[in-house]
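Read off the chains here:
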Amino acid sequence: MKDINEDIKWAQINADVLRSMETPRLGYWIAVATCVAMIACAVVAEIYQYKHGMGYGLLNWPHMWDIYIATFIFWIGMSHSGTLLSAILHIIHADWRKPIYRFAEAMTTFSLMTAGLFPIIHIGRLWNMYWVLPYVTDRGIWPNFRSPLVWDAFAISTYLTSSALFLYIGMIPDLAICRDNARGWRKKLYIALSLGWRGDDRQWRNFRRTYLLMACFLIPLAVSVHSIVSSDFAMSIMPGWHVTTFPPYFVAGALYSGCAAIITLFVLLRYFFRFEEYMTIAILEKTCKLTFAIAMAWTYLNLIEFASTWYGHDVASKEVLLQKFYGPYAPFFWMMMFCGSVVPFTLAIRKFRRHIPTMFVVSLLLNLGMWLERWMIVTPTLANAYHPIAWDTMWPGMVQWAIVFGSFGWFGLLFLVFVKIFPSVSMYEVKEMVYHRRGHAGKDTEEVLHRPVEGVRATTGRPGLEGA
Amino acid sequence: MSGKEIDRRSFLKVMGWSGAGAATLSGCDLPTTVTIEEGKETVVSYLMPEEYVIPGQGVWYASTCQQCSAACGVHGRVREGRLLKVEGNPSSPIGRGKLCNMGQASLQAHYNPDRLKKPLLRKGAELQEATWEEALKYIEERAGKKSGVQGNRAAWLTGNVSGHQAVLLQAHMDSFGSISHYVHELINTAVSGLANKDVLGEVQPVYHLDKAKAVLSLGADFLGASTSPVHFATQYASFREAPRGVLIQVEPSMSLTGANADLWIPARPGTEGVLAMGIANALIGQHGVSAANLPAGVKQAIDGYGIDRAADITGVPRTQIEAIAKTLKERAPSLVLTGASAEGHAHGYNIAAAALMLNVLLGNVGQTITSSGDPAFPQLAARAGNTRDLFAFAEGADKGAFDVVFMWGTNPVYTAPAFLNFEDKLSKVPVKVAFAMYRDETVAKADVVLPLSSPYESWGTHLAAYNSDEPTVAVQQPLMQPIYPDTKSVGDVLLALLKMREPNTYSAFNDYYAYLRKAFSELPATHKVGGSDDAMWVQSLQRALLAAKGTPKELSAKPVAVDFPAYEKDAAYPMHLAPAARLGMWDGRNANLPWLQEQPDQISKVVWGSWAELHPKTADRLGVKNGDYISVTSAQGSIEVPVYVYRGVHPDVVAVPIGQGHTDYGRYATGRGVNPLKVLSQVTDGKTGELALYATRVKVAKVEKKKPGINELMVRFGGSESQVGRKLVASVTADSFNRTEGA
Amino acid sequence: MSLQNILNNWDKYRKGHEAGGHHVYEHMWSMVIDLNKCIGCGACSVACYAENNLAVVGKDRFEKGQAMHWLRIERYWDEPNLKPTASDEFQQHGASFLPMMCQQCNAATCEPVCPVAATYHTPDGLNAQVYNRCIGSRYCSNNCPYRLRYFNFYSFYETSWPEPLNLQLNPDLSVRDKGVMEKCTFCVQRIRTAKDTARREGRKVRDGDVQTACQQSCPTTAIVFGDMLDPESRVTKLWKAHEVELGKTAQHKQHPEKRGYRIFEGLNTDPCVMYLERVREV
């Protein structure tokens, strides 16, 4: 089974990808409307919360944090997939990533943009949010550099900037293709964005070097971002949060949920944009195998945490663990264990892996599990920490749910806009992939390069290298 | 005013010092009007404040707390004309600078948003706002000199009243020739008072908890809803110092005192007297305590209750009875006290008398129980309330014996049990005058309502219902200008009433301040301090008290022979109802104070509502858990209330603390919880005629409530009732404590 | 706190705070609560409401767990070092009361986590909360093992003090709006006043000059408050007498029977509130 049809014509690639950016149809607008409606729910809830206080989400003492923070970690986690696919797999030359990394990278940026909203939404006086940044004032007041929340602010903003830059840089050759094919406002947009890309040698050389550099920069950054997010918990002294293995555990969870989200979007894009030629079953299989490996790493780290809590014999931590096992939140805990550690076994079975509807459902379940994981990190600890008088079970209120719900709409909207403006499959990298595969197959590359393409509108440049 | 001998005597009576020895009169100019600062009435902006006013700096003034009858001294912090905080007055021998939660919350009584701002007059079914002139005219027409109301047809129904207010009240009654003063307090000591009088010769002797090394409390919640909670709490603190005293509490459901006991025992309700007899038996039989000072009848009665029999009747194991006897004997001096849950039975007097007999047997009289002496100012002494007066008043009202009733400081429509039908009977009195700070259930039934200024806006003097061994006249001075200009202090209202009746005597006093000022200048020389009248007055205000040491006396000890009816089971109503009073809600008067509503109950930690306490066994039988609803049904009616299950209640008892269930008491209290007093059975103490609060038999059943609203929900503070092995409250043994911290 | 400084003086910082404190402390305010005397009546708690403008939240919000009691009286039915009483039919040992207010930890876990340094340690040894600086991330409350920080989930002033109850509000401290964290301050306004008075009179603050509202009200005098840096103060003497020292995670007493202990001391929070064990006849 091949990852991609090596015989695909380059012009065909352009045509297929550019087709996905054509004027949207009704279904697209329905999707946009749905997302906007979801955002509207969140906006109404947020205005209400802003006006009347955090209490209406049923946050309370001791549940000062709840699903806002859980969802924040969820989105941060989801952002790790793009980096994994573009940067890590780029460096290790796993070229099957090429048809799918673009939307994964977009997902990184957008989930970070979603995640970044949550700390703002969740703080009590959000109009003072900028105080966590070290800006210069005549009062000489600085943020508290010891606080993991300040690290968060740095880490997330750095990561957001870098990943957006990475996404953009990787897109420049493709934007040039778009430029060459676009009319009207799009033309202007792509002219501006493609930065005069002509595809000459020097540009390619510089481009490759920059891209590699960004990839190398992004990998430790991605790992550190979720480690820092985990230190929101690991740096506290709360039982169930103060866990040494949290950084790798969080990173594993992040990659896990990111991969699951890639599968989801993979299926959707493949279906709606008829990208069967590029998003092949073989690539899906590879993604699934990767996801399975990460799932097992995550499960292992999870079990390690339980074991170390158990053998560590700290009374309070043990109590939190036991409460997770059979307390009021136990159904969600076991659902998380089921979704996170049992469901992925379907990924190990070839038959399921190749069955797209199954994979779609499985990927959603995995992400549900990952969302629950974050909730089960945040809430049970708050529910059963050191001081027994403050033991409390709290179920999030409608305001919280509405905002969490709306965040999916926000992410969806960003993604919908993206796929219509930017190529969601990397054209030049798919061409490279096809080229290399052909080369490996021993074909005459020269011949392939110059094979005329029929039925495709010729663009500028040499035949067969349109826009490259 | 003349200084003639014959007049002086009556004049002293007017001034409230009669019976206090010789006095010299001296004239003095009376200031006509005053505000907080003597002689100042103009309102000055703080741009040019008075010398003593420093904007931004609080000044502390002394006064007296009026949340219960204990008369604790307070210091009120006043800043820019506002009262901000009250603290205990360290000079006060009652509170010794300390204050309870009710005293702290007195600020909210003062600033309550539901206070009456204008007089109310009944027009048809409604009470409508009126002017003072209209209201006083209304009263004058019906109870003035020309009204023709005479003798006992003019009645007063009040709560505890003392000091010069009592003097004026008495003068008002005397002007009619009436003796119909009914003093109603639900939380009272009437039963033990009579027993004390019979056995010790004094209604309210002084208890010395601090001197006792062992205290056996038969339902006496002295730290909670008692006659002087702060005073007893300060004593308790010394009682607990090394060498540490031991506290044994016997009661049907746990009180605040019970929660602090070393041994908490739930005896079968109403058998506390038998327990006392059993203990006496053990003391005589096992510890060789001499019964020589007991009359033969008493000795015989004790013999009738062997330890086994007592154990059988009370349900307290023999070993525990023996242990109590041993403790009381070995840890002399001891003290045996009784409280509402023991006294609130048909034979409550007998139980109180049995406890006193134990005190006599243990030799506590003269040790931990001493005489409070003859009061220095009998005219000012507290008229202590009870429930018997309420019955008497209701009966009189029912028979049409009263033309007019003046009501103040009590809310009988709320506290009267349903069987009394009090509302109907009250409505038979043609003219009902009420003085009140708030609209409550009783005020709502009045024909004319005079709005009172708060205790912190009023002058007054008070004598505590329970006097420590340093009795004082507690002085109440206004700490700020009245918030509502159309309110008057109790004293001023009383003066206004008296001016209708006795214009010759009282028209000389422009206001109550003038009266008090004059009264203090007429103070018998024996009690004058500080030299000049003015110096004495200033000193009295600075300390807000005036020593009123009485004549010392010795207590007699003549135990009376009592016996106890056999404990009877009631098949139809198998459970006992315990309407426990709590430090906080008290008798329900504090239900309109949000701080106290929001303060979790000391025992159950319930806020903003009622609950019923059940033993886990009983709860299991009924199939209820915390928050489930039960119905508590007596022969008189039924209430539905959520349950709190814990092991601090006798399995045959359902305890429903009182204080909630108001129907017309402002925004914070109305429509909240239930009032267990309404279902009380018609049982009274055989000897005193007091309502037997704890004698109601009830049956309890589970009630299915579909998703209760917030109003019905039982809200409790706290997630875990267990420390789950974490060292939050730890303890050491008394032995070790006495070793390490003993003198 | 340069890196070089940290590296050179690692020993000092090892416990999460500088040994001996990173301030030259002027005072070290401290409290001793004698559970042998505490009767759980709650006068202190109401006094705190009165002194510190604490909002009354009402039944609905209390039920949601949004009450604002800086000083709460906890009541437990069991005690770790009593024999298990689960099999006993009755609660014959009574209850165990525990007044809990901010423990003013010297190695406070709430302080390092605040992103904007709205809570910090003052030279008075107090764990201060700066309302104006607080952005309401609520991390401090999450990281307080005692759960003694309370958040303004609403603009409580809108409902809590209907006219004329608002006249009672203490002008010495603010009424907090929604979105900020608050907690017991050891009545910092009273400390302030006492310090100002002492300075005006040209003397040091004397033991007893500052009384917290809870201490002043406590009918059994179970609460003692004072300055640990004043060797003559009652608290200093009590800490000494009970062989409890600041800056330790476990007390090694010569006389293990001495009653002093600090709650969750093993977490190295170094609280400034010492409790004295309850005494029981067994």
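## Comments concerning the overall build of chain A
Scanning chain A for helices and strands turns up 18 helices and zero strands. Taking 468 residues into account, the globule formula puts the C-alpha radius of gyration at 23 Å, and chain A, at 24 Å, falls close to it. Dimensions of chain A, computed from the C-alpha atoms along their principal axes, are close to 80 × 55 × 40 Å. Considering chain A as a whole, with its 468 residues, one finds that 61% of them fall into the buried category. Intrachain contacts of chain A at a sequence separation of at least 6 include 81% that bridge at least 24 residues. When the accessible area of chain A is evaluated, it comes to approximately 18700 Å², of which 69% is carbon and sulfur surface. Side-chain charges in chain A split into 40 positive and 31 negative, and the spacing between the mean points of these groups amounts to 4 Å.

## Let's talk about the overall build of chain B
Counting secondary structure elements, chain B contains 25 helices and 28 strands. Along the three orthogonal principal directions, the C-alpha set of chain B runs to about 70 × 60 × 55 Å. Residues classed as buried in chain B amount to 64% of the 743 residues present. A fraction of 74% describes how many contacts in chain B between residues 6 or more apart in sequence connect residues 24 or more apart. Total accessible area computed for chain B in this model is approximately 25100 Å², and 51% of it derives from carbon and sulfur atoms. Here chain B contributes 73 positively and 73 negatively charged side chains, and the mean placements of these two sets differ by 2 Å.

## Comments concerning the interface of chain B and chain C
Often, the extent of an interface is quoted as the loss of accessible area on bringing the components together. With 96 residues of chain B at the interface, the matching set in chain C holds 82 residues. Taken together, the two surfaces of chain B and chain C that pack against each other cover about 7500 Å², and 56% of this comes from carbon and sulfur. Summed over the shared surface of chain B and chain C, the number is ten salt bridges. Its salt-bridge partner being Glu721 of chain B, residue Arg75 of chain C comes within 3.0 Å of it at the nearest N-O pair. Taken together, the links from chain B to chain C amount to 50 residue pairs in polar contact (both at pLDDT 80 or more). The element that contributes the greatest number of residues to the side of chain B that touches chain C is helix α25 (residues 734-741) of chain B, accounting for six residues. For the side of chain B that touches chain C, the residue count by class is 47 nonpolar, 25 polar and 24 charged.

## Looking at the packing of aromatic side chains
Residue and element names in this part refer to chain A. One pass over the structure, following the stated rule, counts 85 aromatic pairs over all chains. Where Phe207 meets Tyr428, the ring centres are 5.6 Å apart and the plane angle is 75°; that geometry is what we call edge-to-face. Of this pair, Phe207 sits in helix α9 (residues 201-234) while Tyr428 sits in helix α17 (residues 427-441), placing them 221 residues apart in sequence. Note on Phe207: relative accessible area 5%, which makes it buried.

## Let's talk about the pattern of salt bridges
If you walk through the whole model with that rule in mind, you get 70 salt bridges over all chains. Salt-bridge contacts for Lys37 of chain C lead to Glu241 of chain B; the nearest nitrogen and oxygen are separated by 2.9 Å. Within this pair, whereas Lys37 of chain C is found in the loop between β1 (29-34) and α3 (43-51), its partner Glu241 of chain B is found in the loop between α7 (229-239) and β10 (246-250), the two belonging to separate chains. By relative accessible area, Lys37 of chain C is classed as buried at 13%. On the accessibility criterion, Glu241 of chain B (38% relative accessible area) is partly exposed. Arg203 of chain C is the partner of Glu201 of chain C in a salt bridge, and the nearest nitrogen-oxygen pair spans 2.9 Å. Here the salt bridges share partners, and the residues they tie into one network are Arg97, Lys98, Arg208, Glu429 and Glu432 of chain A.

## Some remarks on the sheet that holds strand β4 (residues 120-123) of chain B
All names here are of chain B. Strand order in this open sheet of seven strands is β5-β4-β16-β15-β14-β6-β7, and the pairing throughout is mixed. The sheet is open, and its two edges are formed by β5 (126-129) and β7 (181-183), each paired on a single side. For this sheet, the mean inter-axis angle between neighbouring strands, taken without regard to orientation, is 20°. Bridging between β4 and strand β16 (residues 448-451) involves two bridges; their strand directions are antiparallel. Its bridge partner lying in β16, Leu121 is registered against Val448. The strands touched by helix α5 (residues 163-176) within the sheet are β6 (154-158), β7 and β14 (404-408), with β6 carrying the most contacts at an inclination of about 160°.

## Things to note about the packing of helix α4 (residues 80-91) of chain A against α9 of chain A
Helix packing for two helices is described by the angle between their axes and how far apart those axes are. Residues and elements named next belong to chain A. Between α4 and α9, whose axes approach to 9 Å, the crossing angle comes to 135°. Judged by the angle between their axes, α4 and α9 are oblique. Helix-helix and strand crossings are classified by hand; for α4 and α9 the assignment is left-handed. Residues His80, Thr83, Ser86, Ala87, Ile88, His90 and Ile91 of α4 form the contact with α9, whose participating residues are Tyr211, Leu212, Ala215, Cys216, Leu218, Ile219, Ala222, Val225 and His226. Tallied by class, the residues present in the contact of α4 with α9 amount to eleven nonpolar, five polar and no charged.

## Quick notes on the side chain of Ser137 of chain C
With respect to the helices, strands and loops of the structure, Ser137 of chain C is situated in the loop between β5 (127-129) and α6 (139-142). In this structure Ser137 of chain C touches Trp65, His122, Ile123 and Leu149 of chain A together with Pro115 of chain C, once residues within four positions along its chain are discounted.

## Side note on unusual backbone geometry
For the bond running from Trp61 of chain A to Pro62 of chain A, omega is 10°, close enough to zero to count as cis. With respect to the helices and strands, the residue Pro62 of chain A is situated in the loop between α2 (26-52) and α3 (67-78). The omega torsion of the bond from Glu163 of chain C to Pro164 of chain C falls at -5°, within 30 degrees of zero and hence cis. As for its position among the elements, Pro164 of chain C is in the loop between α7 (157-160) and β7 (181-182). One non-glycine residue, Leu58 of chain A, adopts positive backbone phi at about 65°. Note that Leu58 of chain A resides in the loop between α2 and α3. By relative accessible area, Leu58 of chain A is classed as partly exposed at 27%. Despite not being glycine, Asn53 of chain C shows a phi value in the positive range, around 55°. With respect to the secondary-structure elements, Asn53 of chain C resides in the loop between α3 and α4 (58-63). On the basis of relative accessible area, Asn53 of chain C is assigned to the buried category, the value being 3%.

## A few points about the sheet that holds strand β2 (residues 73-79) of chain B
All names here are of chain B. With respect to topology, three strands assemble into an open sheet ordered β1-β2-β3, the strand pairing being antiparallel. The sheet is open, and its two borders are formed by β1 (59-64) and β3 (82-88), each paired with just one other strand. With direction set aside, neighbouring strand axes in the sheet form an average angle of 30°. As paired strands, β1 and β2 are joined by six bridges and run antiparallel to one another. Paired with Val59 across the strands is Val78, a residue of β2.

## Quick notes on the state of the cysteines
All names here are of chain C. Scanning the entire structure with this criterion turns up zero disulfides over all chains. Lacking any disulfide linkage, Cys140 is separated from the closest cysteine sulfur, that of Cys114, by 6.3 Å. Cys272 takes part in no disulfide bond, and the closest cysteine sulfur, belonging to Cys105, lies 7.8 Å away.

## A short note on the interface of chain A and chain B
Opposite the ten residues of chain A that make contact, chain B presents nine residues. Here chain A and chain B share an interface that buries about 740 Å² over both sides, 66% of which is from carbon and sulfur atoms. The largest contributions to the chain A side of the interface with chain B come from Pro388, Ile389 and Trp391 of chain A, which together make up 63% of the buried area. The interface formed by chain A and chain B holds zero salt bridges in total. In this structure, the connection of chain A to chain B is made through four residue pairs in polar contact (both at pLDDT 80 or more). Partitioned by chemical class, the residues of the side of chain A that touches chain B number eight nonpolar, one polar and one charged.

About the criteria used
- Residues numbered from 1 in each chain as written.
- Chains lettered and ligands numbered in written order.
- Predicted model: local features only at pLDDT ≥ 70, side-chain atom pairs only at ≥ 80, totals over all residues.
- Heavy atoms only, no water.
- Helix = DSSP H or I, 4+ residues; strand = E, 2+ residues; numbered from the N terminus.
- Rg over C-alpha atoms; globule rule 2.2 N^0.38 Å.
- Buried < 20%, exposed > 50% of the residue type's maximum accessible area, 1.4 Å probe, protein only.
- Contact = heavy atoms within 4.5 Å.
- Areas by Shrake-Rupley, 256 points an atom, 1.4 Å probe, with all protein chains shown as cover.
- Lys, Arg positive; Asp, Glu negative; His and termini not counted.
- Charge placed at Lys NZ, Arg CZ, Asp CG, Glu CD.
- Buried area = accessible area lost by both parts, 1.4 Å probe.
- Salt bridge = Lys/Arg side-chain N within 4 Å of Asp/Glu carboxyl O.
- Polar contact = N/O pair within 3.5 Å; in protein donor to acceptor, adjacent residues only side chain to side chain.
- Nonpolar A, V, L, I, M, F, W, Y, C, P; charged D, E, K, R; others polar.
- Phe/Tyr/Trp six-rings, centres within 6.5 Å; stacked < 30°, edge-to-face > 60°.
- Pairing = 2+ DSSP bridges.
- Axes fitted to C-alpha atoms, helices over the stretch in contact; angles between N-to-C directions.
- Parallel < 35°, antiparallel > 145°, perpendicular 65-115°, else oblique.
- Left-handed = near helix turned anticlockwise from the far one by under 90°.
- Disulfide = S-S within 2.5 Å.

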